[in-house]
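This is what each chain is made of:
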2 protein chains.
Amino acid sequence: MASGKELCEGVEWRIRVVDGSSEVLVPPTGLARKVWLRTKGLISGLGMKVRMFLKQAWDMGTNDPRKVIHCIKVGLALTIVSLVYFMRPLYDGVGGNAMWAIMTVVVVFEPTVGATLYKCLNRVCATCLAGFLAVGVHWIASQSGDRFEPFVVGASIFILASIATFSRFIPSVKSMFDYGAMIFILTFSIVAISGYRVDKLFDLAHQRISTIIIGTSLCILVIMLVCPIWSGQELHSLTVRNMDKLSDSLDGWFRSRCVRQYFTNSNGEDDQKLQGYKCVLSSKASEESMANFARWEPSHGRFNFRHPWKQYLKIGASMRSCAYCIEALNSCINSENQAAESIKKHLSTSCLKVSSSSSSAIKELAESVKKMNKSPTIDLLVEEMNSALEELHNDLKSLSHLLNPSTTAENQISATGLVPFTEIIPVVTLASILIEISVRIEALVGSVEELVKEIEMKDKIVAKEEKPEGTMKALQRV
Amino acid sequence: MASGKELCEGVEWRIRVVDGSSEVLVPPTGLARKVWLRTKGLISGLGMKVRMFLKQAWDMGTNDPRKVIHCIKVGLALTIVSLVYFMRPLYDGVGGNAMWAIMTVVVVFEPTVGATLYKCLNRVCATCLAGFLAVGVHWIASQSGDRFEPFVVGASIFILASIATFSRFIPSVKSMFDYGAMIFILTFSIVAISGYRVDKLFDLAHQRISTIIIGTSLCILVIMLVCPIWSGQELHSLTVRNMDKLSDSLDGWFRSRCVRQYFTNSNGEDDQKLQGYKCVLSSKASEESMANFARWEPSHGRFNFRHPWKQYLKIGASMRSCAYCIEALNSCINSENQAAESIKKHLSTSCLKVSSSSSSAIKELAESVKKMNKSPTIDLLVEEMNSALEELHNDLKSLSHLLNPSTTAENQISATGLVPFTEIIPVVTLASILIEISVRIEALVGSVEELVKEIEMKDKIVAKEEKPEGTMKALQRV
């Protein structure tokens, strides 16, 4: 019965009007039904959207449980800081300014330890500096008489705020003290202006600083003790992961899409794996911010305080330069000029060898970065890659045997077995780009080796420094 | 005299000690002098660094005076908001909470109108929402008796803070409401907890909201009236500028470094211009944030409220895909295998034609984006590019005439005028990549045309909507 009604709803009765257009015949009871159906549609559409949104959120949470843990950590820290308000002794100590502690927790709590430490240290230092300066300015202003006081305070705010804002544009300041400059302006303005009204200026500055210290200490404790996420560790894993992706897409993609499909016309396999190099292309910004935050982190796990984080950026740049070439390869494969079969066959073995040997070299590099020591087999793999390259070069050289010297003889291909010059162009391009990728992989090998060397040097220095107190190192390595 | 002393300082007297190592002979008066010189060196080094830093800052200011203007705007807004404190009637109205207005100005004031509006609207909405919710939670808590009150408040803070923090990870929320979610947590915590102490809860919420509205209105006024910088306008100019850079580096670089040097071995000219494509490679993040902020901006200049900002991101992606290929070209040029002279000569004319025609097509596209209308000549230029491509294809085809079919005959080059196959590989690769660049430029043409079409459609809709009140449009177009 219901399905009959729905079927009826699906059919429209039309009549042709005199002027040639057609008009829909609506049953007289349609209006109320239409409104009802429209509303129902809207609600179900909205419900669908909400469900999609919740599903997206759920998937995100299950894919990366650390995000959920971070949220719980924020809730925990905020609930703990609320105790400052609930417990009378503390309340009497820091007064109504306890909300500064809450504010500090909300603003300063970031997903990684490095980012939180950066904000905490910036906040504390900037607050202290601005507090002292504001007290000084207030003293000068109070010496200049009641009439000039507002002008002195106003002018000092104008000048210092402008300078601090300008400093935030300077790259070296921005990367280290951007947040600090903002907090400096904030604290200076509030303390300097409050000075005009509130007599207990020192109390205000003292309260603000002590509440901020309560907030930041709490944040640091929670972020470092409850499932800490280290920026440095994240950068390290991202680099290893990106290297693996690069290797997978070079190998898998080349093997399945490009070599197989290109050289033997088979179907491509898992597409997602093959597109991995795109992650490398787009991870510059996150690498930079992680390296920036990692500088603030103390020793953790296998990472010392002055771990060569900048070297990771260099490795990232080398990886991107490889990825650019893989991008260019992409176009060769998809280009409409398909190469002649005989040429494909001629080059497929050596191309596959080059791609698989360079892919395993990258895999080995990833392993080397992961373990933070020089790989014993990398030299061997590079040699292997070079010999595969040599082979490819030779195959390219011998291509000319297959070539038909006359361009007008295109119709004779099948008869002579020779192919016209234009049909080898795509294959030659492909091979050249493959050769270029190998060259760039050698640069990648260089930057990874530099990283490993720097790590080993730093380790030695740390070991020397810590010889007297041998347990320290043991503690750090936990 | 002084120079003689310095010369003396520069020379060291060494004696060979019995065990074979050498020892430096220091004059007996050296210690004091050394300390003095070391201190002098330190101070001059520090002075040098400070001078360098100031020079860097000065250069930045003179290169982009808008940054200086922004700093002055921040100072201005902060000084104005200080008046809230200085003027008694206002002070009595909003009470000690006037500092919220200062805080709002400091936190919300961003260089561009879009970013400021985004933060202002997020701050006001989140504060209102959180304020109402907190009052509600406080009412429920007060009904549950003195013993349970802290638990109800604590639990609500824990749950809401966790959920709001989690929502900040969801991409769609992050791009629109990231700041709002933070302010929501902040306001909710402070108001809910203050409710436990302060009896005048409604007053607190009301004061906080009104001071925030004062702060945000002031920010919006200052940012929009004093030399406004619009995110949309910035994104538009960045796109045009990047297109020009792409065109310049394709043309200039190809002409001077690659074609001239490669085909005729002349010197490269201005290097900076040639590296312009690297800006295109690295501008993804800034494009995205600008497009994100531009959505919040009202109509300004030639941009309507719902200008198709997302299309700019597509154009950016197309430009990057061209830039990847230019990157790959780079390697062809620098590759060690230099091509044979005769081959270079054979292809130089058509390669130059392709590069210059594609470069002028990009230039024309930049002009089209700049003027926001379809270029009358772009079809012609694309045709020209295609005919140049055709010519290059033909030249490539006829390359086989120059080819020496025997690989063992490398020594006969000069005798026969024919070149071995390996010597044509770099040139063929270069030509193929050049062809690929042209293909990608056609995709770029498509995305620019789509942008222009969308803009024209939106303009028509706006014109239709505004016909009744014709002056509105005139006002908007000012």
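Residues numbered from 1 in each chain as written. Chains lettered and ligands numbered in written order. Predicted model: local features only at pLDDT ≥ 70, side-chain atom pairs only at ≥ 80, totals over all residues. Heavy atoms only, no water.

To keep it simple, the criterion reads: UniProt positions are given in the numbering used here, feature names are shortened, and annotations may be inferred rather than shown by experiment.
Looking up chain A in an unreviewed UniProt entry gives the name Aluminum-activated malate transporter 10-like, with the organism given as Gossypium laxum. We quote the UniProt Sequence similarities (unreviewed entry) comment for chain A here in full: "Belongs to the aromatic acid exporter (TC 2.A.85) family." One UniProt comment on chain A, placed under Subcellular location (unreviewed entry), says "Membrane".

**Considering the overall build of chain A**
What counts here: Secondary structure elements are taken from DSSP: a helix is a run of H or I of four residues or more, a strand is a run of E of two residues or more, and numbering for both begins at the N terminus. Type-normalised accessible area, obtained with a 1.4 Å probe on protein chains alone, sets the label of each residue: buried when under 20%, exposed when over 50%, and partly exposed for intermediate values. Contacts are residue-level and defined by heavy atoms, with any inter-residue pair within 4.5 Å sufficient. Note that accessible areas follow from Shrake-Rupley with a 1.4 Å probe, and for residues the cover is restricted to the protein chains shown.
A count of helices and strands for chain A gives 19 helices and two strands. Sorting the 478 residues of chain A into buried and exposed places 47% on the buried side. Restricting the contact set of chain A to residue pairs at least 6 apart, pairs at least 24 apart contribute 77%. Of the roughly 23,800 Å² of accessible surface on chain A, 63% is carried by carbon and sulfur atoms.

**Some details on a nonpolar patch on the surface**
Condition: Patches draw on residues past 30% relative accessible area with no salt bridge. Two like charges within 9 Å are joined, as are two nonpolar side chains (Val, Leu, Ile, Met, Phe, Trp, Tyr) within 5 Å. The salt bridge criterion pairs a side-chain nitrogen of Lys or Arg with a carboxyl oxygen of Asp or Glu, the two atoms within 4 Å.
A grouping of Ile69, Leu76, Ile80, Leu83, Leu221, Leu225 and Val226 of chain A is seen on the molecular surface, where their side chains present a nonpolar patch of about 560 Å² in accessible area. With respect to the element layout, Leu83 of chain A can be found in helix H3 (residues 65–86).

**A look at unusual backbone geometry**
Residue and element names in this part refer to chain B. At Cys227, a position not held by glycine, the phi torsion is positive, near 40°. As for its placement among the helices and strands, Cys227 is situated in the loop between helix H9 (201–225) and helix H10 (231–264). The exposure class of Cys227 is partly exposed, given its relative accessible area of 44%. In the Ramachandran plot, Met372 falls in the positive-phi region, its phi being about 55° despite a non-glycine side chain. Residue position: Met372 is located in the loop between helix H15 (341–371) and helix H16 (378–398). Classification of Met372 as buried rests on a relative accessible area of 10%.

**Remarks on the relation of the copies chain A and chain B**
Note the following rule: The superposition of copies rests on a least-squares fit of C-alpha positions from residues with pLDDT of 70 or more in both.
Overlaying chain A with chain B gives an RMSD of 0.1 Å, the required rotation being 180° about an axis along which the chain moves by 0.0 Å. Both copies are brought into coincidence by an operation consistent with a two-fold rotation axis. Every residue of chain A has its C-alpha some distance from the rotation axis, and the shortest such distance is that of Thr429 of chain A, at 2.4 Å. Interface residue correspondence from chain A to chain B reaches 100%, placing this contact among same-surface, isologous pairings.

**Focus on the interface of chain A and chain B**
Worth spelling out the cut-off: Take the accessible area each of two parts loses on contact, using a 1.4 Å probe, and add the two losses: that sum is the buried area. As used in this structure description, the phrase polar contact means that two N or O atoms lie within 3.5 Å; if the pair is within protein, one of them must be able to donate a hydrogen and the other to accept it, and residues adjacent in sequence are counted only when both atoms belong to side chains.
On the chain B side, the residues contacting the 79 residues of chain A number 79 residues. Overall, the association of chain A and chain B removes approximately 7,200 Å² of surface from exposure, summing both partners, and the carbon and sulfur fraction of that is 77%. On the surface where chain A and chain B come into contact, there are two salt bridges. Here chain A is connected to chain B by six residue pairs in polar contact (both at pLDDT 80 or more). The element that contributes the greatest number of residues to the side of chain A that touches chain B is H3 of chain A, accounting for 13 residues.

**Observations concerning the environment of Val84 of chain B**
Residues and elements named next belong to chain B. For Val84, the position within the fold is in helix H3 (residues 65–86). With relative accessibility at 7%, the residue Val84 sits in the buried group. With 127 residues separating them in the primary sequence, Val84 and Thr211 have C-alpha atoms 9.6 Å apart.

**Side note on the UniProt feature "transmembrane region" (unreviewed entry) in chain A**
Residue and element names in this part refer to chain A. Here, UniProt's "transmembrane region" (unreviewed entry) annotation points to residues 68–86, 98–117, 124–142, 148–167, 179–197 and 209–231. Helix makes up 80% of residues 98–117 and strand 0%, and the two end C-alpha atoms of the span are 21 Å apart. For residues 124–142, the helix share is 100%, the strand share is 0%, and the end-to-end C-alpha distance is 27 Å.

**Some words on H15 of chain B**
All names here are of chain B. Short version of the rule: In a helix, the anticipated span is given by 1.5 Å times the number of residues less one. One axis is fitted to the seven residues ending at the residue and one to the seven starting there. The bend at that residue is the angle between these axes.
Under the 1.5 Å per step criterion, the end-to-end length of H15 is 44 Å for 31 residues, consistent within 8% with the ideal 45 Å. A bend of about 45° at Ser348 is the largest found in H15. Following H15 by one or two positions, Met372 has its phi on the positive side, about 55°.

**Considerations on the side chain of Ser359 of chain A**
Residues and elements named next belong to chain A. Mapped onto the fold, Ser359 is located in helix H15 (residues 341–371). By relative accessible area, Ser359 is classed as buried at 5%. What Ser359 contacts, discounting residues up to four positions off in sequence, is Ser247, Leu250 and Asp251.

**Regarding the environment of Asn242 of chain A**
Mapped onto the elements, Asn242 of chain A comes out in helix H10 (residues 231–264). When the C-alpha atoms of Asn242 of chain A and Ala141 of chain A are compared, they prove to be 57 Å apart, with 101 residues separating the residues in sequence.

**Details of the packing of helix H16 (residues 378–397) of chain A against helix H18 (residues 425–465) of chain A**
Residue and element names in this part refer to chain A. Rule in force here: Whenever a helix is involved, its axis is fitted only over the stretch in contact; in every case the axis is a line through C-alpha atoms, and angles between N-to-C directions fall within 0 to 180 degrees. What sets the label is the angle itself: under 35 degrees gives roughly parallel, over 145 gives roughly antiparallel, 65 to 115 gives roughly perpendicular, and the rest give oblique. Crossing handedness is read from the near helix: turned anticlockwise from the far helix by less than a right angle, it gives a left-handed crossing, and turned clockwise, a right-handed one. Gly counts as polar in this scheme, as do all residues outside two lists: the nonpolar Ala, Val, Leu, Ile, Met, Phe, Trp, Tyr, Cys and Pro, and the charged Asp, Glu, Lys and Arg.
Where H16 contacts H18, the axes come no closer than 11 Å and their chain directions differ by 160°. For the element pair H16 / H18, the angle class is roughly antiparallel. Here H16 runs over H18; the crossing is left-handed. Contact residues: H16 offers Ile378, Asp379, Val382, Met385, Asn386, Leu389, Leu392, His393 and Leu396, while H18 offers Val428, Ala431, Ile435, Ser438, Ile441, Glu442, Val445 and Glu449. Classifying every residue of the contact of H16 with H18 by side-chain character gives eleven nonpolar, three polar and three charged.

**Regarding the environment of Lys353 of chain B**
Residues and elements named next belong to chain B. Note that Lys353 resides in helix H15. The class of Lys353 is partly exposed, set by a relative accessible area of 39%. Lys353 sits 102 residues away from Asp251 along the chain, and the two C-alpha atoms are 9.9 Å apart.

**What to know about the pattern of salt bridges**
All names here are of chain A. Within this structure, the stated rule accounts for 28 salt bridges over all chains. Taking the shortest distance from any N to any O, the salt bridge between Lys314 and Glu450 comes out at 3.9 Å. With Lys314 in helix H14 (residues 309–334) and Glu450 in helix H18, the pair connects residues that are 136 residues apart, well separated along the chain. Overall, the relative accessible area of 38% leaves Glu450 in the partly exposed class. Several salt bridges converge on common partners, so that one network encompasses Asp64, Arg66 and Glu234.

**A closer look at the domain arrangement of chain A**
Size of an interface, as often reported, equals the accessible area lost when the parts are brought together. Residue and element names in this part refer to chain A. Note the cut-off: How far each domain reaches was decided by an automatic or database domain assignment.
Along its sequence, chain A is carved into domain 1 (65–225) and domain 2 (231–401 + 423–463). In this complex, domain 1 contributes 13 residues to the contact, which on the side of domain 2 involves eight residues. Summing both partners gives a buried area of about 890 Å² for domain 1 against domain 2, and 66% of it is carried by carbon and sulfur. The interface formed by domain 1 and domain 2 holds one salt bridge in total. Here domain 1 is connected to domain 2 by four residue pairs in polar contact (both at pLDDT 80 or more). Among the elements that take part in the side of domain 1 that touches domain 2, helix H6 (residues 113–143) stands out by supplying seven residues, more than any other.

**Examining the nonpolar core**
Generally speaking, a soluble globular protein has its nonpolar side chains buried in company with each other. Short version of the rule: As used here, the term nonpolar core means buried Ala, Val, Leu, Ile, Met, Phe, Trp, Tyr and Cys residues forming a set that is joined through side-chain atoms within 4.5 Å.
Formed by 122 residues in total, the largest nonpolar core has its most connected members in Met243 and Leu246 of chain A together with Met243, Leu246 and Ile441 of chain B. Residues in contact with Leu246 of chain B, not counting those within four places in the same chain, are Tyr277, Val280, Met319, Cys322, Ala323, Ile326 and Ile362 of chain B. Within the second largest apolar cluster, 94 residues are counted, among which are Leu117, Val153 and Ile185 of chain A together with Tyr179 of chain B.

**Some words on helix H7 (residues 145–167) of chain B**
Under the 1.5 Å per step criterion, the end-to-end length of H7 of chain B is 32 Å for 23 residues, consistent within 8% with the ideal 33 Å. Of the positions making up H7 of chain B, those classed as buried are Glu149, Pro150, Val153, Gly154, Ser156, Ile157, Ala161, Ser162, Ala164, Thr165, Phe166 and Ser167 of chain B.

**Regarding the confidence of the model for chain A**
Residue and element names in this part refer to chain A. Test applied: Per-residue confidence from the prediction method is given by pLDDT, with values spanning 0 to 100.
In this model, chain A carries an average pLDDT of 79, and 77% of its residues clear a pLDDT of 70 or more. Confidence scores differ between elements of chain A, with helix H1 (residues 2–10) showing the lowest mean pLDDT of 42 and helix H13 (residues 284–294) the highest of 92. Confidence drops under a pLDDT of 50 for residues 1–13, and excluding neighbours within four residues, the segment shows six contacts in the predicted structure. Confidence estimates for the predicted assembly give a pTM of 0.81 and an ipTM of 0.80.

**Overview of the packing of aromatic side chains**
Filter applied, for reference: The criterion for an aromatic pair is that two Phe, Tyr or Trp rings (for Trp, the six-membered ring) have centres within 6.5 Å, with stacked assigned to planes under 30 degrees apart, edge-to-face to planes over 60 apart and tilted to the rest. The criterion is that NZ of a Lys, or CZ of an Arg, lies within 6 Å of the ring centre and within 35 degrees of the ring normal, and then a charge sits over that ring.
Scanning the entire structure with this criterion turns up eleven aromatic pairs over all chains. Judged by centre distance (5.4 Å) and plane angle (35°), the rings of Phe303 of chain A and Trp309 of chain A are tilted. Put simply, the rings of Tyr118, Phe293 and Trp296 of chain A touch in pairs and so form one group of aromatic residues. For Arg147 of chain B, the ring lying beneath its charged end belongs to Phe148 of chain B, and the centroid distance is 5.9 Å. Geometry around Phe303 of chain B places Arg302 of chain B over its ring, the cationic atom sitting 6.0 Å from the centre.

**A look at the packing of H15 of chain B against H16 of chain B**
Residues and elements named next belong to chain B. Close contact between H15 and H16 brings their axes to 9 Å; oriented N to C, the two are set at 160°. The orientation of H15 relative to H16 falls into the category roughly antiparallel. Handedness of the crossing formed by H15 with H16: left-handed. Of the residues in H16, those touching H15 at His346, Leu347, Ser350, Cys351, Lys353, Val354, Ser357, Ser358, Ser360, Ala361, Glu364 and Leu365 are Ile378, Leu381, Glu384, Met385, Ala388, Leu389, Glu391, Leu392, Asp395, Leu396 and Ser398. Looking at the contact of H15 with H16 residue by residue, the class counts come to twelve nonpolar, six polar and five charged.

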